[in-house]
Amino acid sequence: MDKQTIVIIGGGITGLSAAYYLQKEIKEKNLPYLIRLVEASGRLGGKIHTYKRDGFVIERGADSMIARKKPGVKLVEELGLKDEMIRNGTGQSFILVQNKLHKMPKGAFMGVPKLIGPFLRTGLVSTTGKVRALLDLIKSKGPEQSDQSLGSFMRRRFGDELVDNEIEPLLSGIYSGDIDEMSLMATFPNFYQLEQKYGSLIKGLKASIPNPPKSTQKAPGAFFSFNGGLETLVNKLIEKLDNEVVQLESAVDHIEKKESGYHVLLTTGEVIKAVSVIATTPHQTLSKMFSKYDFFRVFNDVPSSSVANVAMAFDHSAIKEDIDGTGFVVSRNSDFRITACTWTHKKWPSSTPKGKALIRCYVGRPSDQEVVDLPDNELVELVLKDLNKTMNITAKPEFSVISRWKNVMPQYTVGHLERIEKVREEVKEHLPGVYFVGSSFEGVGIPDCIDQGEKAVLQVIEFLKEK
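Let us look at the structure shown here. (Residues numbered from 1 in each chain as written. Predicted model: local features only at pLDDT ≥ 70, side-chain atom pairs only at ≥ 80, totals over all residues. Heavy atoms only, no water.)

Here Asn309 shows up in strand β17 (residues 304-315). On the basis of relative accessibility, which here comes to 4%, the residue Asn309 falls in the buried class. (Helix = DSSP H or I, 4+ residues; strand = E, 2+ residues; numbered from the N terminus. Buried < 20%, exposed > 50% of the residue type's maximum accessible area, 1.4 Å probe, protein only.)

Take the sheet that holds strand β1 (residues 4-9) next. Within the open sheet, the 5 strands sit side by side as β12-β2-β1-β16-β22. Their pairing is parallel. Strands at the two margins of the open sheet, each flanked by one partner only, are β12 (246-247) and β22 (434-436). By the bridge criterion, 6 bridges tie β1 to strand β2 (residues 33-38) in an arrangement that is parallel. Residue pairing for β2: Val7 is matched across the bridge by Arg36. (Pairing = 2+ DSSP bridges.)

Should the charged atoms of two oppositely charged side chains come close, the side chains can pair. For the coordinates displayed, the defined rule picks out 32 salt bridges. A salt bridge links Glu78 to Lys24, with the shortest nitrogen-to-oxygen separation between them at 3.0 Å. Note that Glu78 is positioned in helix α2 (residues 70-78) and Lys24 in helix α1 (residues 13-29), a separation of 54 residues in sequence. Close ionic contact of Asp164 with Arg155 constitutes a salt bridge, the shortest N to O distance being 3.0 Å. The burial state of Asp164 is the same as that of Arg155; both residues are buried. A single network of salt bridges, built from pairs that share partners, joins Arg155, Asp160, Asp164, Glu168, Asp178, Asp180 and Arg332. (Salt bridge = Lys/Arg side-chain N within 4 Å of Asp/Glu carboxyl O.)

A few words now on the packing of helix α5 (residues 150-158) against helix α8 (residues 189-198). Look at α5 against α8: their axes get within 11 Å of each other, and the N-to-C directions meet at 40°. Viewed along their axes, α5 and α8 adopt a mutual orientation that is oblique. Once α5 is placed against α8, the crossing between them reads as left-handed. In this structure, α5 contributes Phe153, Met154, Arg156 and Arg157 to the contact, and α8 contributes Phe191, Tyr192 and Glu195. Considering only residue class, the contact of α5 with α8 consists of 4 nonpolar, no polar and 3 charged. (Axes fitted to C-alpha atoms, helices over the stretch in contact; angles between N-to-C directions. Parallel < 35°, antiparallel > 145°, perpendicular 65-115°, else oblique. Left-handed = near helix turned anticlockwise from the far one by under 90°. Contact = heavy atoms within 4.5 Å. Nonpolar A, V, L, I, M, F, W, Y, C, P; charged D, E, K, R; others polar.)

Attention now goes to the nonpolar core. Residues Met65 and Leu233 are the most contacted members of the largest nonpolar core, which totals 44 residues. Within the residue set of this core, elements represented by two or more residues are β1, α1, β2, α2, β11 (223-226), α10 (231-240) and α15 (446-466). Every residue in contact with Met65, bar those within four places of it in the chain, is listed here: Gly72, Val76, Ala222, Phe223, Phe224, Phe226, Leu230, Leu233, Ile446, Pro447 and Ile450. Met104, Val125, Leu171 and Phe188 belong to the second-largest nonpolar core, a separate cluster that totals 33 residues. (Core = buried A, V, L, I, M, F, W, Y, C linked by side-chain atoms within 4.5 Å.)

Here it is as structure tokens:
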């Protein structure tokens, strides 16, 4: 019996995870299928990209995975990388408000206070703002809704000051988006569920997240990477895949539905006959690949934002004000153009040679997209100007590495999940055996993407079983 081909489009972490889990299923169950993973660019890994220079380990994209999300840890363990995992250095993190650094209050979850004492002591919020925020304890829950903006939900619970000074810098930073446009149910549905169950987010967090037991030992960091950088995961996935699976510099021009399966036409002129297709590319690409199907066009209206990060290497002596912490995020109530700063040499000590410092700053908030396209020298100057206000760095960096990510941060705006579900229903009816997953759809974090890749594989296997 001739083996049929399953095509995976896109070689980022979602596509690689799908290829790994699909190959595993095929081999374990002796299934009659081949895998072809096609990637338009000349490299795999997508937004995971580690750069090494002069003993520094620099992440051009994502720098870690969150440990509490199990799909990431599960894959790492399966790949035999557990012994290479490192946790981030723990320490104080800060929020920059009105051009001043404030310690992140203890006992807060995503900026939402869980412990009243530390919240009352913080200088992040005025007395008036604290009184307004604590009304959450007595304010009635909102009406049941299918969706609403994350910003409006939080402002109704806590008022503007806490949202603008603490919650917004943290939550918007994860999605590089505008909290007042972001979908609550697509980003933090747990907050809505806590409000509906407990009537108060503060009460709900207290009930659902127990305080950790007191210990003299330092708690492990919430994030992990690898000594050789995050691309260690990508390299191991590539190593596990059979030689004939991956095809680089092979963009998909369009996909045609045939009587039995699909023809995947590449820009190289090659046509791959596929029994099933897993698309892991950004949402904007779907309407081009499936141009005959109007239901994909809704994705053309889904916005994406651009971000850039500037990594700078220094001799440690250049940092005159060496703040004890791992970095800071910037609130809207500051005139900084950077949105966040990581003191990488403290967050990931193994990334930096002894006696050196590595600082990585981010630019590109939704209202300041043009900053991403500034020339390299202007971007470095801009970042240094902002850093000098807090850290008194007067020396030039030994070198800098600038990474621009254009239109890669999908914006989960209000109604996001409903839109996705409607398109999936249309695809199931008109394009059986086609699945679309990735950061555009159900989570931008690496563990979310790994999870989506694995679930798509299970759907493909189930579909083929029923054929």
